[in-house]
Each structure stands twice: as C-alpha cells, then as structure tokens.
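Fold and contact review
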Amino acid sequence: SSHFKLLKIDASCSQHCRAPMSIPAIPVILVAGVAVGAASFQIISISVLVLVLLLCGAIMTCFIVGQRSVHFLGQDEQLLVEGFTGMYVQNGPGTFILNPFTHRSASVRKAETLGTMDYLKVRHAVEGKERIEKGPQLFFLAPYEQIVERSKGLSLGSTEYALIKDLLTGERRIIKGPCMWFPGPHEDAQRGAAVSLSRTEYLIVEDQLTGEKATVKGPTVWFPGPFERSGSKMTAIALQDDEYIKVKDTSSGKKWVQQGKALVFPEPTWQVEGGVRQAWALKSYEYVRLVNKVTGKVESHRGEQTVFPGPDDELLDGQVMQLIDLKVHEYVKILDQSTGAIRVESGSQGSSKQVFLGPHDKVLDNGKKKAVEIDGEHAVLVRDKSSGQVRLVTEKQLFIPGPNESIEKVQDLVKLADHEALIVKNKDGEFQYFYGSDEKRAAGQPRSFFLEPYAEIVKLCWSKGRRRETRNLFIERFDCRAQFMSFEFNCRTSDNVELILEGTFFWEVVDLPAMVKSTGDTSGDLCNHARSQFIRHVARVTLKEFMDSSHAIAKKVWEEDTSFYASRGVKIHSLEVTRYQCADSRTSEILEQIIQETTNRMNRLSQAESENEVSLFRTHGQIEQERLNGDLLAIKHKHSEAEAEVVGRAEANKVAAFIAGLEAKVPKLDDRISLWQVLRKNEALANISEGNASLYYTPSDVDLSIETKK
C-alpha cells in the first residue's frame, strides 16, 4: 500500500511537470486541422494532405519522446524514476536525459527543507524501517522512502524533563532540560515539570518497578526517574524546643519520640500519631505521672523541668497535676495502690505542707479535707473501719482521723432552754428525757450534752391543720410552756342544724413520759376527743340554746373528762368556741340575718344612749360656759375700774403738779387753769394733724358748724 501511494504521488507530480510541455503540440494540431480543411475544399491534393499529416505525426512523436526523456531539476528538486524492475532518484540541480524506453514513469518532487527545531520521521516502504532526520538540512527522500511525520523537536527548560518511552523495547529514560530533544524512530515523549522544593518541603517518591518509597528533601529541584511517581508536596514538621511528635515505623513497628528543636522530614513508612504535641513545662508546684501502655510502669516527674513522654507513655491523670498544698487545719488520705497501705498527710505544726503523689498513690475521699475543730460546742463521731467501732471524741483539739478512721458526723452541743425538753433513745432502745428546767431535770442530768454513739433524738409525728387531717408535723424539741392550739369540726344540734365550730385549746405539756407512752399524736388525740365531746353535747340542745350557752358547753366539754387529758400528759387551761356558722348556706343566711338584726338593735340602743350622753354633756358645757362668762365680765369690770382709777390718779397728779409749778409766776388759779386747757388743745390738734382728718378754724364769737357730705 505504501508503494502504491508513492506511485500515485509521483504520477501526479509527472502530470504537473508535463503540463507546460503540452503547449507546443497545439500549433501542430492546428496545422493538421488546416490541412484537412484545405483537402476537403480540394485546395490541396490528397498526397499533400498525407504528407502534412505524416509530418505533424513525426513532430508530435518527437515532442512526446523528448518530454519523457529530458528533465530540468532545480536545487531543491528530485527526479523519481520508476523503471521496469525498480526505482531510483536523481537529485538536482541539473538536466537529466532518460531513455524513454527504459522506465515506466518519471516525476519531479520537492526536497524537504528542515529548520533547526524540525525533524522528519521517514519510513522505507519496502523494508518498513523508520528513521529520524533532524534539521537544519535540505533533505531528499530515497527511492522507496516516505515521510510519516513532520514535527518539531521538544524544547526543555531548566526545570522541565521528558519521559522517553521506546515503543519497541518498552524501555524508559528521562531527559532533563535545558536541551533540545529529537525522538528516535520508535520513541514517544511526555513532557513534565520538575518539582521545586524549598528548605521545609519534601516529597514521597515511589518506584513503580520495585514498590520502594523514598523521601526527597528540599531545597532541591527534583526530576523523577523513569519509573518513579511522586505525591503532592508536603511541609516538614517544624518542632520548637517544647514540642514533640510520636513516630511509628509501619515497616518495623518501632516507635520513638522526636523532640524539638528540629525540622523533621518523615520517611515514607513513618506514621506521626496525634500530630505536634506540647511538652509539659512543669512549675515548681506541678508534676505529671506517666504510665507506659506496654509495661504498665508508672513514673512521676516533678517541676521545675520540661517533660517529654516516651513513645508508649500517656498521662495517668489526664492533665498536669498540682501538688496538694495542706494548711495547718487540712489533711488528705492517700492510698498506695501497689501495697494497699493508707496514710494520712496533714499540715505541720504551725506551717503548711506540700504533698506530691507518688507513682502508685491515689487520693481518697475526694481530696483534701479540713480537720474538725473540737471545742465546747462541737464533738466528732468517729468510726474505726478496721474494727467497726464508733467512738465520740470530745477532747478539745484539731481532730484529724487516722488511716482507717472515718468521720461519721460532727455533732453540735445539744443545749436546752428552760422551757424545752428532749427525748433521746440510747443504744439499748431506752428513752431518756432531758429538760432545760432545773425543777424537772433529774439529779446529775446535764442541761447540755453530746449524743452518745448509737443514740438518737426521738421525733414525734403529730397532726396539723385546723381539722388535724394531715399527720406530717415532726416534733423534736418539745415546748413545755402553755400555748394555744386551734381546731375546727362539724356537729349537729337537736333540731338538725349542722354547725361548723371553731375554737382554741390553751394547753400545756406537763408529763412528757406519760405523753410518749400513751400516744404518738398528741395534737390529733386532743382535737379528736374534743370533737367527740362537742358532738355529744351539741346534739342535746337546739340552735337557739346553743347560741345562748356555747361557752357553757365548751366549759362542760373540758371539765367533764380531765382524766383523759391527764393520761396524755397534758393540762388544759381553757377551751373556748371562738366562732361558729351553719354548714348549710340557707340556714347560714337566716342565722346571719338574726345575728345582723340583733346587732342592729344593739347598735341603735347604743347610738341612742350615746346621743343622750352627748346632749347632756353639751348642756353641762353650756352652763359651765355661761358661769365662766359671768366670772369673766366681773373680772373685766373690776380691772376697768382699777385701770380708770390709776389713769385718773396719774392725770390728777399731773394737773396738780402743773398748777403748783406755776403758782409762783401765775398767782391766780383761774389763769393757771386756762393755760392748762390751752396746752390740752394743742395736744388735741397735734393728734388730729397726724391722721387723715381735716381741720377748720372759725372765730370764737361765731357759732358755726361745718358738715362734709360725699
């Protein structure tokens, strides 16, 4: 097929080359045509026509033979000649003459001009061999060769490479730049870029033939091998002084800790567990305990230092621990889990103490605790776990329990007031009665005390509420003073009126042992018994009789059965009905009307009496007022007389002194009196002039009066 294509290409080239040489045959054909035309018109004879046609045929034959034999080639042309048994070529430039009877065809074809970066892949059509022709050159094909591929060489930069595959042998090789690469006949190339790694970057490279992996560290420019494949770029692990990583080699199972300060490039088989971790920088009061997961060994490290764990170490406590700082009044129990021994650490005399836990130590009872201050108000109930015995510690001290002791309870001193009483059940189940009053307290019995081991204070459960329907009132300390207790219950009169009675007991506990012996619900018993008595007595009277004698009935209920209350150890001072009402609403309304009418009548009587008293008091007041007014008038009159007498005497003394003083100069008494009157007129005129009055002067001998009208 390759040979057929070559011949086809050469035939087309031959036709192309002969096309210009067919132009001289046109005049010959025209001459032959003219001769035939002339013969048809008998211009020329037949013999002449035949001679002309023979001549034209000879010329055409020579032309055709010359065209097949003579070839003119340029510098970039080649003559391909196909003989009867083979093919050969003649390269230009030049003129070549061929025997037209020794070849089938001849064609002229162009040579290939190759630049510096050009190459051709040429295949021999007969042998099937291929080869590469590189530029720069003017390339002429051999007789049986054809161009399979025309392309450019592969230009590689300094960070580029080409993976070359030989398609015949399967071999691979790497060509690194910078260079210009031309392939072999059976080679294929795949361009790639080298990986540039900085100082902190690395690659994991795998050899696909052997399966081995390797680490390529920066700084470098990495070119892969023929069968190598790399993953993505990764950053090395930068460790500071206080950082570390746990590394496991998956190929060998080996583990180790890589501490800082370092730049770690993990190998392909390394596995970093948990990433970068912080070492423990311990202060002077801190420590860590590390347990080896493989051996179970526990190590304790105290500050000040930086602690890096081993590959199989973990924190036993889950965090950095602080020492136990014990004050003077504090203690802690510590268990040594390796031996089972318990020890008690406490503050030293007058100073603090710092405790570090050992590798196998465990703190008991939720850490440190405060010692118990035993004084006159507090005691401690202590149980010895080794023997199970309980003891009461009352000696004044700062009490710290022993390794096998536990504090059951811190007791407060039980102190009783004069009116209080307390019941204590001892370890034998016997009741003991303690009183605050000196009169009731037995000889040698303390007023204040601590409960002995296994003793407990007895609580009585009494009923509460006005109807005593709920029993959940727990009494621990009994008040021996007289006190009030209210009650409420229903009862019916003989005329079948249901009443709701409310009242109060004024009662007192006088015999505590008798009360405890006879009942566990003193308040409930008293109210229930009173209820039964009231129901019995109220059922014998009508409503009107009950209203008139309710207090008498209450007194009868109390006085008829005093022995019942005495048997309960209580004394009833009084029992009163404070309120009653009808249970039925209609009856209650009628009763309310009766009570309201009675109340109104009493109010009206009281109002009339009040009005009479007010009127009488008003009359007495008026009489007393008139009497006092008369006394006032008499006193005023008396005072007016005395005042007039004083003024008159003063005026008389003044006139007498004036007249007596002028007696030496004015002998006549009448003249002196006239002078006095003139002075009095002047005083009157001066007083008038000081006011708003108008003063008019008239002659003394004219009787004239002036009247002003508005």
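The shown structure was predicted, so the numbers you read here are calculated from the model rather than taken from an experiment. (Residues numbered from 1 in each chain as written. Predicted model: local features only at pLDDT ≥ 70, side-chain atom pairs only at ≥ 80, totals over all residues. Heavy atoms only, no water.)

Helices and strands together make up the secondary structure of the protein chain, namely nine helices and 54 strands. A compact globule built from 710 residues should have a C-alpha radius of gyration of about 27 Å, whereas the protein chain, at 74 Å, is more than 25% larger. In terms of principal-axis extent, the alpha carbons of the protein chain reach across some 220 × 130 × 80 Å. The buried share among the 710 residues of the protein chain stands at 33%. (Helix = DSSP H or I, 4+ residues; strand = E, 2+ residues; numbered from the N terminus. Rg over C-alpha atoms; globule rule 2.2 N^0.38 Å. Buried < 20%, exposed > 50% of the residue type's maximum accessible area, 1.4 Å probe, protein only.)

On to the environment of N292. Positionally, N292 belongs in strand β28 (residues 286-292). At 3.1 Å, the side chain of N292 forms a polar contact with the backbone nitrogen of T295. (Polar contact = N/O pair within 3.5 Å; in protein donor to acceptor, adjacent residues only side chain to side chain.)

Taken in spatial order, the three strands of this open sheet run β41-β40-β43, and their pairing is antiparallel. Each of the sheet's edge strands pairs with one partner strand only, and the pair in question is β41 (390-393) and β43 (405-412). Neighbouring strand axes in the sheet, compared pairwise and without regard to direction, differ in orientation by 25 degrees on average. Relative to β41, strand β40 (residues 378-384) is paired through four bridges, and the arrangement is antiparallel. Bridging from a neighbouring strand, L381 pairs with L392 of β41. (Pairing = 2+ DSSP bridges. Axes fitted to C-alpha atoms, helices over the stretch in contact; angles between N-to-C directions.)

This paragraph deals with a nonpolar patch on the surface. A contiguous nonpolar patch, built from I46, V50 and L54 and spanning about 300 Å² of accessible area, is present on the exposed surface. Locating I46 in the fold gives a position in helix α3 (residues 46-69). Accessibility expressed as a relative area gives 57% for I46, which makes it exposed. (Patch = residues over 30% accessible without salt bridge, like charges linked within 9 Å, V, L, I, M, F, W, Y side chains within 5 Å. Areas by Shrake-Rupley, 256 points an atom, 1.4 Å probe, with all protein chains shown as cover. Salt bridge = Lys/Arg side-chain N within 4 Å of Asp/Glu carboxyl O.)

Looking now at the sheet that holds strand β15 (residues 187-193). Here three strands make up an open sheet; going across it, the order is β13-β12-β15 and the pairing antiparallel. Each edge of the open sheet is held by one strand with a lone partner, namely β13 (172-176) and β15. Neighbour-to-neighbour, the strand axes of this sheet turn through a mean angle of 25 degrees, independent of strand direction. Pairing geometry for strand β12 (residues 160-166) and β13, over five bridges, is antiparallel. Paired with Y161 across the strands is K176, a residue of β13.

So, about unusual backbone geometry. Cis geometry marks the peptide bond from G177 to P178; its omega dihedral reads 5 degrees. When you line up the elements, P178 lands in the loop between β13 and β14 (179-181). Cis geometry marks the peptide bond from G303 to E304, where omega comes out at 10 degrees. Tracing the backbone shows E304 in the loop between β29 (298-302) and β30 (305-307). Residues other than glycine seldom take positive phi values, yet D365 does so here, at roughly 55 degrees. As for its placement among the helices and strands, D365 is situated in the loop between β37 (361-363) and β38 (369-370).

A word on the nonpolar core. Generally speaking, a soluble globular protein has its nonpolar side chains buried in company with each other. Counting residues in each nonpolar core, the largest one holds 42 residues, and the members touching the most others are F478, F505, W507, L512 and F534. With near-sequence residues (within four places) excluded, L512 lies in contact with A421, I423, Y433, Y435 and F478. Counting nine residues, the second largest nonpolar core, distinct from the first, contains Y287, I324, V332 and L357. (Core = buried A, V, L, I, M, F, W, Y, C linked by side-chain atoms within 4.5 Å. Contact = heavy atoms within 4.5 Å.)

Along the polypeptide, K110 turns up in strand β5 (residues 103-110). The class for K110 is exposed, based on a relative accessible area of 54%. For K110 and E273, which are 163 residues apart along the polypeptide, the C-alpha to C-alpha distance reads 71 Å. Excluding residues within four positions of it along the chain, K110 makes contact with D76 and E77. At 3.4 Å, the side chain of K110 forms a polar contact with the side chain of D76.

Confidence in the prediction for the protein chain averages 84 pLDDT; 92% of positions are at 70 or higher. Of the regions scoring below 50 in pLDDT, residues 1-22 engages in 31 contacts with residues more than four places distant in sequence or in other chains. (pLDDT = per-residue confidence, 0-100.)

Let us now look at the pairing of strand β53 (residues 498-509). Working note: regular strand, side chains alternate between the two faces of the sheet. Judged by how many residues are buried, β53 sits mostly within the fold: nine of twelve residues are covered. In this structure, strand β52 (residues 483-492) lies alongside β53, joined through ten bridges in antiparallel fashion. Opposite R492, over in β53, you have E498 as the bridge partner. Joining the antiparallel neighbours β52 and β53 is a turn of five residues, in which N496 adopts a positive phi near 60 degrees. As judged from the eleven bridges shared by β53 and strand β54 (residues 570-582), these two strands associate in the antiparallel manner. What sits directly across from I500, in β54, is Q581.

Evaluation of the coordinates by the stated rule reveals 43 salt bridges. E314 is paired through a salt bridge with K293; the nearest N and O atoms lie 3.4 Å apart. Note that E314 is positioned in strand β31 (residues 313-315) and K293 in the loop between β28 and β29, a separation of 21 residues in sequence. Judged by its relative accessible area of 53%, K293 is exposed. The closest approach of N and O atoms between R466 and E488, which form a salt bridge, is 3.5 Å. Taken together, the residues span a long stretch of sequence, with R466 in the loop between β49 (460-464) and β50 (470-475) and E488 in strand β52 at a distance of 22 residues. Given a relative accessible area of 35%, R466 falls into the partly exposed group.

The next subject is helix α6 (residues 543-560). Along its 18 residues, α6 runs just 22 Å from first to last C-alpha, ending more than 12% under the 26 Å computed at 1.5 Å per residue. A maximum bend of about 75 degrees is found in α6 at S549. Within the span of α6, buried status applies to L543, F546, S550, I553, A554 and V557. Tucked into the core, α6 has its buried residues touching β53, α5 (522-538) and β54. (Expected span 1.5 Å × (residues − 1). Bend = angle between axes of the 7 residues up to and from the residue.)

The next subject is the packing of aromatic side chains. Within the structure shown, the criterion is met by 16 aromatic pairs. Summarising the aromatic geometry, the rings of F489 and F534 are spaced 5.5 Å apart at their centres and angled 50 degrees between planes, so their arrangement reads as tilted. Of this pair, F489 sits in strand β52 while F534 is found in helix α5, placing the two residues 45 residues apart along the sequence. Of the two residues examined, F489 and F534, each falls in the buried class. Summarising the aromatic geometry, the rings of F564 and Y565 are spaced 5.5 Å apart at their centres and angled 85 degrees between planes, so their arrangement reads as edge-to-face. (Phe/Tyr/Trp six-rings, centres within 6.5 Å; stacked < 30°, edge-to-face > 60°.)

Residue position: E502 is located in strand β53. Look at E502 and you get buried, because its relative accessible area is 14%.

A few words on the side chain of D361. Secondary-structure assignment places D361 in strand β37. A distance of 3.1 Å separates a polar atom in the side chain of D361 from a polar atom in the side chain of R343. In terms of polar contacts, D361 uses its side chain to reach the backbone amide nitrogen of G358, at 2.8 Å. Apart from residues lying up to four places away in sequence, D361 is in contact with R289, I334, L335, D336, Q337 and R343.

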